[in-house]
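Overview (structure and organization)
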Amino acid sequence: MSTTQSERLRGLLEPLVSKRGLDLEEIDVTPAGKRRVLRVVVDADDGVQLDTCAELSRAFSEVLDESDAMGGAPYVLEVTSPGADRPLTEQRHYRRAAGRLVKAQLTEAAGGGELTARITAVDEEGVDLEVPGVKGRKPTARRLAFDEIAKARVEIEFNRKAAEKPRRTSAAGDAEAAGNENEEA
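Residues numbered from 1 in each chain as written. Predicted model: local features only at pLDDT ≥ 70, side-chain atom pairs only at ≥ 80, totals over all residues. Heavy atoms only, no water.

1. Topic: the overall build of the protein
From N to C terminus, the protein includes 3 helices and 10 strands. Reading the secondary structure of the protein in the N-to-C direction produces α-β-β-α-β-α-β-β-β-β-β-β-β. Per-residue burial over the protein gives 35% buried out of 185 residues. Put simply, 54% of the contacts in the protein that link residues at least 6 apart link residues at least 24 apart. Carbon and sulfur atoms make up 46% of the accessible area of the protein, which amounts to about 11300 Å² in all. (Helix = DSSP H or I, 4+ residues; strand = E, 2+ residues; numbered from the N terminus. Buried < 20%, exposed > 50% of the residue type's maximum accessible area, 1.4 Å probe, protein only. Contact = heavy atoms within 4.5 Å. Areas by Shrake-Rupley, 256 points an atom, 1.4 Å probe, with all protein chains shown as cover.)

2. A short note on the pairing of strand β1 (residues 23-32)
Strand direction decides the pairing type here: β1 and strand β2 (residues 35-43), joined by 9 bridges, are antiparallel. Bridge pairing in β2 links T30 to V37. The turn linking β1 back onto β2 is made up of 2 residues, and G33 within it adopts a positive phi angle of 70 degrees. (Pairing = 2+ DSSP bridges.)

3. Comments concerning helix α2 (residues 50-66)
If you check α2, its first and last C-alpha atoms are 25 Å apart, about what 17 residues at 1.5 Å a residue would give, namely 24 Å. All of the buried residues in α2 are T52, C53, L56, A59, F60 and L64. Buried residues along α2 cover an arc of 130 degrees about the axis, so they all sit on one side. Seen from the buried face of α2, the exposed residues on the opposite side, beyond 90 degrees, are L50, D51, R58, E62, D65 and E66. (Expected span 1.5 Å × (residues − 1). Arc of directions from axis to C-beta.)

4. Quick word on the sheet that holds β1
Taken in spatial order, the 3 strands make up an open sheet running β1-β2-β3, and their pairing is mixed. Where the open sheet ends on each side, the last strands, each with one partner, are β1 and β3 (75-80). If you compare each strand with its neighbour and ignore which way they point, the axes differ by 15 degrees on average. (Axes fitted to C-alpha atoms, helices over the stretch in contact; angles between N-to-C directions.)

5. With respect to the confidence of the model for the protein
Residues at a pLDDT of 70 or more form 84% of the protein, whose mean pLDDT is 85. Confidence over residues 167-185 falls short of pLDDT 50; this stretch has 34 contacts with residues more than four positions distant or in other chains. (pLDDT = per-residue confidence, 0-100.)

6. Things to note about the pattern of salt bridges
Evaluation of the coordinates by the stated rule reveals 15 salt bridges. In this structure, R96 engages D23 in a salt bridge whose closest nitrogen and oxygen atoms are separated by 2.3 Å. Taken together, the positions of R96 in helix α3 (residues 91-96) and D23 in strand β1 put the pair 73 residues apart, joining distant regions of the chain. By relative accessible area, D23 is classed as partly exposed at 24%. Taken together, the salt bridges that share partners define one network made up of D23, E25, D43, D45, R86, R92, R95 and R96. (Salt bridge = Lys/Arg side-chain N within 4 Å of Asp/Glu carboxyl O.)

Printed below as a string of structure tokens:
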């Protein structure tokens, strides 16, 4: 997708997303046979409900039909939330993953290698992690600045006990049960 088309689509769709208190994470146009697929990925701190995706899809369709941003060729519109294995690239992604287990590739400045740990806190500079203990040892705390992380993803935990599920705190300091999150598995 050309930068111009991407910018035009973002300019058309982002106000509709922001009006609903969501973040526009990604816009992607890919060929699919004789058609194209316009995939719009949105997210929020509390996740995105299916009804919200449907509402956005209708709103996007109206705006796109009134513009020439997609040209005259047929396309399919998909509005979705990020998958469970999406890369963590922004501070807000790490904040939304608080309490979750992540696998991070570290930069050479941070010693390189791979680290699997649970996010315990996030701020503007980086993340606090709890690194699981090995061979019966207690977990250890570690701090990583965002520039020390080359890439990171949430690790899916199928066997995590309900009592161990994370509690996220909002900016106001109120704890929210993780059961309110939309988790994909």
